[in-house]
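The residues making up each chain are set out below.
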Amino acid sequence: MGAFFVSGAALKILAIDMSYTCTGWSIQTSADKEGLIEYGSLENDKTILEYGPYPYCYYLAAQHAVARILAKIEEVQPDVVVCEETNGGSKSRYSQKALEFLHCLLIKAIRDQDVYPLVYIDSSAWRKSVALVLTKDQKKANAKLSKAKKEAAAAGTKLDKKALGVGGKIGKKQLSVMACRDKYGIPFLMKENDITDSILLGNAYFNGAQPCDG
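These remarks concern the structure in this document. (Residues numbered from 1 in each chain as written. Predicted model: local features only at pLDDT ≥ 70, side-chain atom pairs only at ≥ 80, totals over all residues. Heavy atoms only, no water.)

Quick look at the packing of helix α6 (residues 172-184) against helix α7 (residues 193-206)
Okay, so step 1: For the pair α6 and α7, the least separation of the axes is 9 Å and the interaxial angle reads 65°. One element, α6, and the other, α7, form an angle in the roughly perpendicular class. Between α6 and α7 the crossing geometry is left-handed. Counted together, Lys 173, Ser 176, Val 177, Ala 179, Cys 180, Lys 183 and Tyr 184 of α6 and Asn 193, Thr 196, Asp 197, Ile 199, Leu 200 and Asn 203 of α7 form the full contact between these two elements.
Okay, so step 2: Partitioning the contact of α6 with α7 into residue classes produces six nonpolar, four polar and three charged. (Axes fitted to C-alpha atoms, helices over the stretch in contact; angles between N-to-C directions. Helix = DSSP H or I, 4+ residues; strand = E, 2+ residues; numbered from the N terminus. Parallel < 35°, antiparallel > 145°, perpendicular 65-115°, else oblique. Left-handed = near helix turned anticlockwise from the far one by under 90°. Contact = heavy atoms within 4.5 Å. Nonpolar A, V, L, I, M, F, W, Y, C, P; charged D, E, K, R; others polar.)

Printed below as a string of structure tokens:
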């Protein structure tokens, strides 16, 4: 990924959108375009079950993933670490289990160091802060696509999106990527939504989004 650099910054944050598979991160000094210093992702090359028998593999995999995140924190030396709060209702209880292990070990490591303040912001709070909402046209396009899918399924035919004049469904991930493309002029890919989420999370912190307090 590319990088941006600024000088004379008073506050430097490291924003993290954490998951076991891929953790997006960004370094920022403000919510302005010029405040984005650098960004990237930390991807794990092993599945959780490759770390050994259950349930110990979850702890060992989390240790490995968090060690990489801590190395990035040590490299960046931020004034504040900003994380997205975990959400309930995960489609997979094991994905949620892995995520909670990550957060637990990260919190412990940062608390033991007692150097970097750690701030959590709820996903709904940061999205609201950066106005990450569907437009009327996008809502209409999604509804049109949903209706067409149901009709195609009922008729046993293949959906032709091109003929329908719509693309794929626009959701939270797509909005995140499109917002960062527009703001920063960077051609982020849809698969880089972990990175764009971290960037917008950092934006929200500087915008004064309400932090979580438990």
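Don't stop here, the text continues.
Overview of the sheet that holds strand β5 (residues 118-121)
Okay, so step 1: Strand order in the open sheet formed by five strands is β3-β2-β1-β4-β5, with mixed pairing between adjacent strands. Edge positions in the open sheet fall to β3 (36-43) and β5, since each of these has one partner strand only. For this sheet the average axis-to-axis angle between neighbouring strands, irrespective of direction, equals 20°.
Okay, so step 2: The pairing of strand β4 (residues 80-84) with β5 spans four bridges and is parallel. Counted as the bridge partner of Val 81 is Leu 118 from β5. (Pairing = 2+ DSSP bridges.)

A word on the environment of Ala 62
Okay, so step 1: You can see Ala 62 is positioned in helix α1 (residues 56-76).
Okay, so step 2: Along the primary structure Ala 62 and Val 115 are separated by 53 residues, whereas in three dimensions their C-alpha atoms are 21 Å apart.
Okay, so step 3: Setting aside residues up to four positions removed in sequence, Ala 62 forms contacts with Phe 101, Leu 102 and Leu 105.

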